[in-house]
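Structural characterization, general
This is what each chain is made of:
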Amino acid sequence: MPIPDADWSDYQAFLAIARSGQLARAARRLGVNPTTMGRRLRRLEAALGTTLFEQTRTGQVLTEAGETLLTAVEQMDRAAAGITGSGEGEDGLTGTLRIGTPEGFATDFLSPRLAHFQSLHPGLSIDLVSAPGEALSPGRREADVAIVLARPRKGPLVAHKLADYALGLYASADYLAGHGVPQAPADLLEGHRLVGYIPDRLHAPELRYLDEVHPALKASLRAPSITAQYSLIANGAGVGVLPAFIAHADPRLVPVLSDVRLERAFWFVTHEDIRRLPRIRAFRQWLDETVRAGEEVLMPRSARAAPENARKKELPS
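Residues numbered from 1 in each chain as written. Predicted model: local features only at pLDDT ≥ 70, side-chain atom pairs only at ≥ 80, totals over all residues. Heavy atoms only, no water.

Let us now look at the overall build of the protein chain. Along its length, the protein chain carries twelve helices and ten strands. The buried share of the protein chain, taken over its 317 residues, is 47%. Considering only contacts in the protein chain between residues 6 or more positions apart, those separated by 24 or more positions represent 76%. (Helix = DSSP H or I, 4+ residues; strand = E, 2+ residues; numbered from the N terminus. Buried < 20%, exposed > 50% of the residue type's maximum accessible area, 1.4 Å probe, protein only. Contact = heavy atoms within 4.5 Å.)

What follows is the structure, encoded as structure tokens:
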């Protein structure tokens, strides 16, 4: 996008709105009133002949044209900061990075490590948005980046495989002591409670775990989120499939049928229009390095053994 010869204060107004996400908050940041801020934005949009923000319930969201302009204006701002010595953060990364991610990955893998990324870029605000269902979509401009379970096949998106991860069957030692340790998948059909997803709340075919273990398995305790299922299983409700990076951190959980191993993958996705933004590139590089360092957590080579008191319990007749 060509940069018109406009007042630098108009670009500063645009940058403040992009970084704060709200016109009123941006006005406070620059020490002007919202009317002045709005006038500067309209003047810049008129000079460019395009709309830079969409109005949402929570504030202003950059349009595609706005994202393109933001890259150029951030470069201008860094150059100006270098002249005045007023740079924000070591590398100048500012604004907001919104990350959409599955609940389990957010809670048990990314959250414990994300403070390190922000310590590298203290001027950046980070929104970590997780949900039981599908993560927010970069294609619908709901997130800057998303971690998803399958590579998108359509839309203006750029994706790369982030990491493989392992899943297995788990139960609590107390549950196994009371119900016996199954020796084959078919043993789960009798005398065992199974924990799994609510069928009509499955948002991705990759979550049909029990079908892979045995086609006749049906969960009788069901929840829409992996976090709720984990809590049920860890507290003795039954047997269920969990990612190893969740289950192996909890000493209450014991692998069941440890030769049954499922594998899935996480994919890193962003919109093609913003993939070269500095904050997107920085987060992708950091996350790639982080998952490589955590490979043994995501894909452990071995499972813990079941306690002897659980192993010796015979299956109910």
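Negative charge collects at one region of the surface, where Glu54, Glu64, Glu272 and Asp273 lie side by side. Looking at the secondary structure, you find glutamate 272 in the loop between strand E10 (253-271) and helix H10 (278-293). With a relative accessible area of 40%, glutamate 272 lands in the partly exposed category. (Patch = residues over 30% accessible without salt bridge, like charges linked within 9 Å, V, L, I, M, F, W, Y side chains within 5 Å. Areas by Shrake-Rupley, 256 points an atom, 1.4 Å probe, with all protein chains shown as cover. Salt bridge = Lys/Arg side-chain N within 4 Å of Asp/Glu carboxyl O. Lys, Arg positive; Asp, Glu negative; His and termini not counted. Charge placed at Lys NZ, Arg CZ, Asp CG, Glu CD.)

Across the interface, helix H1 (residues 8-20) lies against helix H3 (residues 34-48) with an axial gap of 9 Å and an inter-helix angle of 110 degrees. Considering the angle they form, H1 stands roughly perpendicular to H3. Taken together, the residues of H3 that come into contact with H1 (itself represented by Ser9, Asp10, Tyr11, Ala13, Phe14 and Ile17) are Met37, Arg40, Leu41, Arg43 and Leu44. Looking at side-chain class alone, the contact of H1 with H3 contains seven nonpolar, one polar and three charged residues. (Axes fitted to C-alpha atoms, helices over the stretch in contact; angles between N-to-C directions. Parallel < 35°, antiparallel > 145°, perpendicular 65-115°, else oblique. Nonpolar A, V, L, I, M, F, W, Y, C, P; charged D, E, K, R; others polar.)

Moving on: the pattern of salt bridges. Overall, the coordinates contain nine salt bridges when judged by the stated rule. Aspartate 10 serves as the salt-bridge partner of arginine 43, at 2.6 Å between the closest nitrogen and oxygen. One end of the pair, arginine 43, is in helix H3; the other, aspartate 10, is in helix H1, with 33 residues separating them in the sequence. Residue classification places aspartate 10 among the buried positions, given a relative accessible area of 2%. A salt bridge links aspartate 288 to arginine 284, with the nearest nitrogen and oxygen atoms 3.9 Å apart. Of the two residues, aspartate 288 and arginine 284 both sit in helix H10, four residues apart, roughly one turn of that helix. Since its relative accessible area comes to 17%, aspartate 288 is described here as buried. Ionic contacts of the salt-bridge type, sharing partners, join the residues Glu67, Asp144 and Arg279 into one network.

Now for the pairing of strand E6 (residues 157-172). Most of E6 sits out of view: twelve of its 16 residues are buried. Across 15 bridges, the pairing between E6 and E10 is antiparallel. Directly across from serine 172, in E10, lies its bridge partner leucine 253. Direction of pairing for E6 relative to strand E9 (residues 239-243): antiparallel, over a ladder of four bridges. Across the sheet, glycine 168 pairs through a bridge with leucine 242, a residue of E9. (Pairing = 2+ DSSP bridges.)

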